[in-house]
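Single-letter residue listing:
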Amino acid sequence: MGLLTKCSCVVSCLFSGWAFSFISIANCSVDPSELSVDVAVKRPVSPARGPGFLHSLSLSSAFPDDLEVNEYCMKMLHIYGERYVTYANCLVSYARPVKVCQNCYSDFISLKEIYTNISSDQLGPGNVSCHDSLMRSDRLMLLYTLFNKLDEIWISAECTQCLTGDQEALSNETVYFMASLNQSLSCFQQHQSNHSELCKACKASYKRLNELYGRMEKNQTLCIDLEDAMNVTRRLWSINYNCSMPREETVPVIAVSSFMLFLPIIFYLSSFLHSEQKKRKLIHPKRAKSSSSLMNIQDKFS
Amino acid sequence: MANIAKKVSWSGRGEDRGERTPLLNGAEDGKYNRKLSGGGMFHIGRLSTVDLEEEITPEEEIVRSRLKEIPHNEKLLSLKFESLDYDNSENQLFLEEERRMSHMGFRCLEIRRWVICGLIGFFTGLIACVIDIAVEVLAGYKYFLVKQNIEKFTEHGGLSISLILWAVLNSAFVMVGAIAVAFIEPIAGGSGIPQIKCYLNGVKIPRVVRLKTLVVKVFGVICSVAGGLAVGKEGPMIHSGAVVAAGVSQGRSTSLKKDFKMFEYFRRDTEKRDFVSAGAAAGVSAAFGAPVGGVLFSLEEGASFWNQMLTWRIFFASMVSSFTLNFFLSIYNKKPGELSSPGLINFGRFDSDTVKYTLFEIPLFIIIGALGGLLGALFNLLNNWLTIFRIRYVHRPCLQVMEAMLVAAVTATVSFAMIYFSNDCQPLGQDHSEEYPLQLFCADGEYNAMATTFFNTPERSVRSLFHNPPGTYNPVTLGVFTLAYFLLAVWTYGLAVSAGVFIPSLLIGAAWGRLFGILLSVIAPNQSMWADPGKYALMGAAAQLGGIVRMTLSLTVILVEATGNVTYGFPIMLVLMTAKIVGDYFVEGLYDLHIKLQSVPFLHWEAPATSHWLTAREVMSSAVTCFNRVEKVGTIVDVLSNTSTNHNGFPVVTHTTGHDEPGKICGLILRSQLIVLLKHKVFVERASSRLIQRKLQLKDFRDAYPRFPPIQSIHVSQDERECMMDLTEFMNPTPYTVPQETSLPRVFKLFRALGLRHLVVVDNENRVMGLVTRKDLARYHMGKDGLEELHLAQM
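Residues numbered from 1 in each chain as written. Chains lettered and ligands numbered in written order. Predicted model: local features only at pLDDT ≥ 70, side-chain atom pairs only at ≥ 80, totals over all residues. Heavy atoms only, no water.

- Per an unreviewed UniProt entry, chain B goes by Chloride channel protein and derives from Phoxinus phoxinus.
- Quoted verbatim from the Sequence similarities (unreviewed entry) field of the UniProt record, the comment on chain B reads "Belongs to the chloride channel (TC 2.A.49) family."
- UniProt, in the comment section headed Subcellular location (unreviewed entry), describes chain B in these words: "Membrane". (UniProt positions renumbered as here; feature names shortened; annotations may be inferred.)

- The name given to chain A in an unreviewed UniProt entry is Osteopetrosis associated transmembrane protein 1, with Phoxinus phoxinus as the source organism.

Structure, rendered in structure tokens:
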């Protein structure tokens, strides 16, 4: 299904490009045999596009290079490019440790804004819609693909869960979590020299942090930033400072286990020794007198 | 020449020792036995038979007096099992009823059959749904409790208390289930597949298709799965489906004493059998989400009676059951109308890019199959010994309950110890595929990998073994897990709890299959792309299950359907084939072993090889208790109440003068019919008064079905004993007969194909010489050194 729509889209894009030149030259007297391949998918031409259509047509004879892109759209394209670069730059610079949600959300929002602007069918000044000219004129559809990738990253990072409802700022939970994270980290910093002391001293704050994280996980208010920060902290705590639970009660566990394993042996031995064995009474079925049949067989084979 | 000598020798043995002192073949004195039947045989063959008799007689006397009672072993036939009457009795009543029935009546019957099949599917699906939800809720609650406890004690110390808590919880669940099974309905124990197999084969297993059995079964399964035993809930579904079918098709329940006055026409063994096979298919379908597999299962296990219309109806029942389960589960999962979880076990789907397999992998699959066959044979062998021990020594209900509880406690202990000492920590998955991740001593944010396999219901463990990405399991974890679970599963099957063996086998196989896959990718690191551990886990699971239960066609289709993947059809088939061939070389399938241990007179596909020289004369029982056409009531009552000869079918003969002279056969009458006749006092002397009463109809026989009252409950006064009874109208006037010279395989074929219960052996003047029943045929089987004979025993 996805393939089909893509195909039809590509075909229609091709068609629109083709059609302009055709119409300009042949003025609708198109040879059907030539078009038959491309016209497989018909595309409704909206009447609103009429004037822009004509405009580009008139331009096309003068400037064959930028066939149908007007000035306004070029400007939009420029802005898109700038915002794209800013956002991508932000993403890369906060890639490790991951802090993209906290630092790049405003960039993303502005990028999204301009993308929405371009992709909407609304008419800009001069009654121009840049949607078709910028986004759907070729099979590459660069603007669409570029934005799509970044949007995917944003969605998989689940950044919206760390932001307030209107996506304008970081949510309160996030800020609170960051604060308690910093508290723990600073505690780690303080006792860096002695690990065993660190484990004791920072246990309370670390535990609080862990619980907070667990709560937020349940509420689905986590984004990649918090997850990554927590992962790093946990690794510090468990591996670098080696504060995870020690395995110290081996003896009681072994004792209880071996007691449990010992029980069936007693059970089977005692039932073997004390329980009376089940006996079966044999029955002698009625059979024909053996002598006659025996003789018969002997007759047969002798 | 040698062949003939062997024959003579065998018959000599059969007459002299096999028959008159059958105990020589018993298991008590293995050496003695082998010496006689093995080495002695050819020797005897060369001697004359007269010599032989003289040689043996003194020994024989001793043995006879010593071995009146023998311990239970697998070479016995129990008297408690009877045949089902699959052969329709075409007596006059039947013909009358058929004449009365209009064309429309027959149409209605056909429609009713379809309605019943739909109902069977519906109720089976519903039961599957109830089991699924109950297990999920109970197990979820248990794991939540234990997990919380473990987390608490990991921090503060005292993990041995968590261990005890887990063991006690497990034991408590299992105790409740085991009490229900051991004290209320022992037949509900185990997976129920052997019992259904016997039923479809034509053996009447007492109480196997009662409502009480169903209730205990469902309850028991929920308890044993929630109790964390190494069991699955799939096998019992097949039994449940069969009970549902038997109940629905009769339109009444004798346990509840409720008669809906529906479907009275189907109150016969013949009709019931067809519905039971539909029920079994519906059960498989609900258990695995495999409707076609269900139909093929019925075909494979009970296929001696089969026709096309029946197949189509059974398929309908399967589909309805699968759909019903689907529908109700979708409501439970709060996505009503989404019909995408077709079975109790959901193996999940294999991604399209991992399902590839290449030509050079086929030898690897065959190796896996052989491995599965070996391990399956080992499983069966160990379980066989254990079951013999259980039958001999652990036969009291309270002991059985204790045993089940102990197994539950030990299962919990072993699981806990494995988890406790495992150092295999894995990071938590992004998609939270682990339902109950246990951290224990792992670093924060990681979980104990051993716990995913042990601290979970077995179904989920199977799924994670199939689908978790490579690198999720450590080879050592898998190896230790396989070993531990193998032993636990061997120990668990055969306990007095209702539980199936499908899932544990799949789990064991998936574990070692995955291990196999991991080792492959280690050996060939540059080609690790094809060695997807999930694929090998699936093959291992198929091999292990095939090695244990030895099903072929139906298992292939079930696995293909359950994984929703036709690509693996060929490899799965290869694996199952190899597993069966290798396994059969060592020991029979698990279900066949259990059927044998229960001393059921089961008829296999074919008569034992090299038995053509045995004729009906040697096989039959004689002398036969016959009735005259018009018989004295007193004689009938005496014969019926004789407990030592618990006969069920009586040839009816023309009046004979002499006592020793056998009469000419003119019909066959069954004990159940006689009892109904006695109950209604259909005596010749009362014929005049009977004219006023209504005439006895086939309906009266059906109303008494299937639990005919015992003869003791029927009161016959002294006067009535002198009355006469005319059997002409009620007997089957055309019973099957064979001449005395008919060979055993020929008789066997008649029994197997027609579902006979009694076969009269006549001489050339149609005089009754003997009677062949199922037990007379089932006692012959191929042993290690030729044809052996099983003994009849009372139990």
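Moving on from the coordinates now.
## Some points on the overall build of chain A
No. 1: Broken down by element type, chain A carries 13 helices and 1 strand.
No. 2: Going from the N terminus to the C terminus, chain A shows its helices and strands as α-α-α-α-α-α-α-α-α-α-α-α-β-α.
No. 3: Going through the 302 residues of chain A one by one, you find that 35% of them count as buried.
No. 4: Here the analysis covers contacts within chain A between residues at least 6 apart in sequence; of these, 66% occur between residues at least 24 apart.
No. 5: Summed over all atoms, the accessible surface of chain A reaches about 18500 Å², with 60% contributed by carbon and sulfur. (Helix = DSSP H or I, 4+ residues; strand = E, 2+ residues; numbered from the N terminus. Buried < 20%, exposed > 50% of the residue type's maximum accessible area, 1.4 Å probe, protein only. Contact = heavy atoms within 4.5 Å. Areas by Shrake-Rupley, 256 points an atom, 1.4 Å probe, with all protein chains shown as cover.)

## Side note on the packing of aromatic side chains
Residue and element names in this part refer to chain B.
No. 1: Counted under the stated rule, the structure contains 43 aromatic pairs over all chains.
No. 2: With 5.6 Å between their ring centres and 80° between their planes, Phe-327 and Phe-328 make a pair best called edge-to-face.
No. 3: According to the relative accessible area criterion, Phe-328 is partly exposed, its value standing at 27%.
No. 4: Ring geometry for Phe-516 against Tyr-536: centres 5.9 Å apart, planes inclined by 40°, an arrangement best described as tilted. One end of the pair, Phe-516, is in helix H18 (residues 502-523); the other, Tyr-536, is in helix H19 (residues 533-549), and 20 residues separate them in sequence. Per residue, the accessibility class of Phe-516 equals that of Tyr-536, and both read buried.
No. 5: Of note, Lys-142 hangs over the ring of Tyr-143, and the distance from its end group to the ring centre comes to 4.7 Å.
No. 6: In this structure, Arg-273 is placed above the aromatic ring of Tyr-86, and the distance from its NZ or CZ to the ring centre is 4.3 Å. (Phe/Tyr/Trp six-rings, centres within 6.5 Å; stacked < 30°, edge-to-face > 60°. Lys NZ or Arg CZ within 6 Å of the ring centre and 35° of its normal.)

## A few points about the sheet that holds strand E12 (residues 665-670) of chain B
All names here are of chain B.
No. 1: Judged by pairing direction, the sheet is mixed, and its 3 strands sit side by side in the order E9-E11-E12 without closing on themselves. Two strands bound the open sheet, and with one partner strand each, they are strand E9 (627-628) and E12.
No. 2: Where E9 lies against strand E11 (residues 649-653), 2 bridges are found, and the strand directions are parallel. Within the sheet, the bridge partner assigned to Phe-627 lies in E11 and is Val-652.
No. 3: Its contacts with the sheet put helix H25 (residues 671-679) on E9, E11 and E12, and the angle it makes with E12 is roughly 75°. (Pairing = 2+ DSSP bridges. Axes fitted to C-alpha atoms, helices over the stretch in contact; angles between N-to-C directions.)

## Concerning the sheet that holds strand E16 (residues 768-773) of chain B
Residue and element names in this part refer to chain B.
No. 1: Pairing is mixed across the open sheet formed by 3 strands, whose spatial order is E14-E15-E16. With partners counted over all chains shown, the strands left at the sheet margins are strand E14 (737-739) and E16, one partner each. For this sheet, the mean inter-axis angle between neighbouring strands, taken without regard to orientation, is 30°.
No. 2: Across 3 bridges, the pairing between E14 and strand E15 (residues 758-762) is parallel. By the bridge assignment for E15, Pro-739 is matched with Val-762.
No. 3: Contacts from helix H29 (residues 744-754) reach E14, E15 and E16, with the element oriented near 150° to E15.

## Topic: the pattern of salt bridges
All names here are of chain B.
No. 1: Inspection of every chain in the model, using the stated rule, returns 28 salt bridges over all chains.
No. 2: For the salt bridge of Glu-788 with Lys-75, the shortest nitrogen-to-oxygen distance reads 3.3 Å. Linking Glu-788 in strand E18 (residues 786-789) with Lys-75 in the loop between strand E1 (69-71) and strand E2 (76-78), this pair joins segments that are 713 residues apart in sequence.
No. 3: A salt bridge links Glu-789 to Arg-779; the nearest nitrogen and oxygen atoms lie 2.4 Å apart. A residue pair is termed long-range when its members are at least 10 positions apart, and Glu-789 in strand E18 and Arg-779 in the loop between helix H30 (774-778) and strand E17 (780-783) qualify at 10 residues. (Salt bridge = Lys/Arg side-chain N within 4 Å of Asp/Glu carboxyl O.)

## Regarding the confidence of the model for chain A
Residue and element names in this part refer to chain A.
No. 1: Looking at chain A, the pLDDT average stands at 72 and 70% of residues meet or exceed 70.
No. 2: Of all helices and strands in chain A, the one with the weakest mean pLDDT is helix H2 (residues 32-35) (40), whereas helix H12 (residues 250-274) scores best (90).
No. 3: Note on residues 1-66: pLDDT under 50 across the span, and 32 contacts to partners over four residues away in sequence or across chains.
No. 4: The low-confidence segment residues 289-302, where pLDDT is below 50, has 17 contacts with residues more than four positions distant or belonging to other chains. (pLDDT = per-residue confidence, 0-100.)

## What about the side chain of Gln-740 of chain B?
No. 1: With respect to the helices and strands, Gln-740 of chain B occurs in the loop between E14 and H29.
No. 2: Other than its neighbours up to four places away in sequence, Gln-740 of chain B contacts Thr-615, Ala-616, Arg-617, Met-620, Val-761, Val-762, Asp-763 and Met-769 of chain B.

## Some remarks on the packing of H19 of chain B against helix H20 (residues 553-563) of chain B
Residue and element names in this part refer to chain B.
No. 1: It is at 11 Å that the axes of H19 and H20 come closest, and there the two elements cross at 150°. Judged by the inter-axis angle, H19 sits roughly antiparallel to H20. Considering how the two elements wind past one another, H19 and H20 form a crossing that is right-handed. Side by side, H19 and H20 meet where Leu-538, Ala-542, Leu-545, Gly-546 and Val-549 of the first sit next to Leu-555, Leu-559 and Thr-563 of the second.
No. 2: Its residues assigned to classes, the contact of H19 with H20 comprises 6 nonpolar, 2 polar and no charged. (Parallel < 35°, antiparallel > 145°, perpendicular 65-115°, else oblique. Left-handed = near helix turned anticlockwise from the far one by under 90°. Nonpolar A, V, L, I, M, F, W, Y, C, P; charged D, E, K, R; others polar.)

## So, the nonpolar core
No. 1: Core analysis: the largest hydrophobic core is formed by 171 residues, its most contacted members being Phe-379, Ile-419, Phe-455, Phe-466 and Ile-572 of chain B.
No. 2: Here this core gathers at least three residues from each of two domains, domain 2 (116-332) and domain 3 (359-597) of chain B.
No. 3: Excluding residues that lie within four positions of it along the chain, Phe-379 of chain B makes contacts with Phe-486, Ala-489, Val-490, Val-501, Ile-508, Ile-548 and Leu-590 of chain B.
No. 4: Membership of the second largest hydrophobic core comes to 40 residues, among which are Val-100, Ile-114, Leu-181 and Leu-226 of chain A. (Core = buried A, V, L, I, M, F, W, Y, C linked by side-chain atoms within 4.5 Å. Domains from an automatic or database assignment.)

## Regarding the interface of chain B and chain A
No. 1: Listed as interface residues are 76 residues of chain B and, on the opposing side, 51 residues of chain A.
No. 2: Summing both sides of the interface, chain B and chain A together bury roughly 5700 Å²; the carbon and sulfur share of this comes to 61%.
No. 3: The tally of links between chain B and chain A comes to 6 residue pairs in polar contact (both at pLDDT 80 or more).
No. 4: Ranked by residue count, the leading element in the side of chain B that touches chain A is helix H14 (residues 397-421) of chain B, at 12 residues.
No. 5: Here the residues of the side of chain B that touches chain A are counted per class, giving 38 nonpolar, 21 polar and 17 charged. (Buried area = accessible area lost by both parts, 1.4 Å probe. Polar contact = N/O pair within 3.5 Å; in protein donor to acceptor, adjacent residues only side chain to side chain.)

## Some thoughts on helix H7 (residues 142-156) of chain A
Residues and elements named next belong to chain A.
No. 1: For H7, which comprises 15 residues, the first-to-last C-alpha distance of 21 Å matches the rise-based estimate of 21 Å (1.5 Å per residue) to within 8%.
No. 2: Among the residues of H7, those classed as buried are Leu-143, Phe-147, Leu-150, Asp-151 and Trp-154. Seen end-on, H7 carries its buried residues on one side only, within an arc spanning 105°.
No. 3: Its buried side turned inward, H7 meets helix H4 (71-93), helix H5 (100-119) and helix H6 (130-135).
No. 4: Of the residues trailing H7, Glu-158 is marked for its positive phi of about 55°. (Expected span 1.5 Å × (residues − 1). Arc of directions from axis to C-beta.)

## Structural notes on the pairing of E18 of chain B
Residue and element names in this part refer to chain B.
No. 1: Looking at chain direction, E17 and E18 are connected through 4 bridges and run antiparallel. Its bridge partner lying in E18, Gly-783 is registered against Gly-786.
No. 2: Hairpin geometry of E17 and E18 is characterised by an intervening segment of 2 residues between the two adjacent antiparallel strands.

## What to know about the state of the cysteines
All names here are of chain A.
No. 1: Under the definition given, this model contains 4 disulfides over all chains.
No. 2: In this model Cys-90 forms its disulfide with Cys-104; the gap between the sulfur atoms is 1.9 Å. The disulfide joining Cys-90 to Cys-104 has a torsion of about -90° about its S-S bond and is therefore left-handed. Of this pair, Cys-90 sits in helix H4 while Cys-104 is found in helix H5, placing the two residues 14 residues apart along the sequence. In this structure, Cys-90 and Cys-104 share a single accessibility class: buried.
No. 3: The side chain of Cys-162 participates in a disulfide bridge whose partner is Cys-223; the two sulfur atoms lie 1.9 Å from each other. Judged by the sign of its S-S torsion, about -100°, the cystine formed by Cys-162 and Cys-223 is left-handed. With a gap of 61 residues between them, Cys-162 in the loop between H7 and helix H8 (172-190) and Cys-223 in the loop between helix H10 (203-219) and helix H11 (224-240) connect regions that are remote in the sequence. Residues Cys-162 and Cys-223 agree in their burial class; the two are buried. (Disulfide = S-S within 2.5 Å.)

## With respect to the domain arrangement of chain B
Residue and element names in this part refer to chain B.
No. 1: According to the domain assignment, chain B contains domain 1 (2-71), domain 2 (116-332), domain 3 (359-597) and domain 4 (616-778).
No. 2: Its C-alpha centre places domain 2 at a distance of 38 Å from the equivalent point of domain 4.
No. 3: In this assembly, 17 residues from domain 2 lie in contact with 11 residues from domain 4.
No. 4: The interface formed by domain 2 and domain 4 contains 0 salt bridges.
No. 5: Put simply, domain 2 and domain 4 have 1 residue pair in polar contact (both at pLDDT 80 or more) between them.
No. 6: Of all elements in the fold, only strand E4 (203-204) and helix H10 (269-288) reach the threshold of two or more residues within the side of domain 2 that touches domain 4.
No. 7: Looking at the side of domain 2 that touches domain 4 residue by residue, the class counts come to 3 nonpolar, 6 polar and 8 charged.

## Here we look at the confidence of the model for chain B
No. 1: On average, residues of chain B score 82 in pLDDT, and 86% of them are at 70 or above.
No. 2: Note on residues 1-67 of chain B: pLDDT under 50 across the span, and 90 contacts to partners over four residues away in sequence or across chains.

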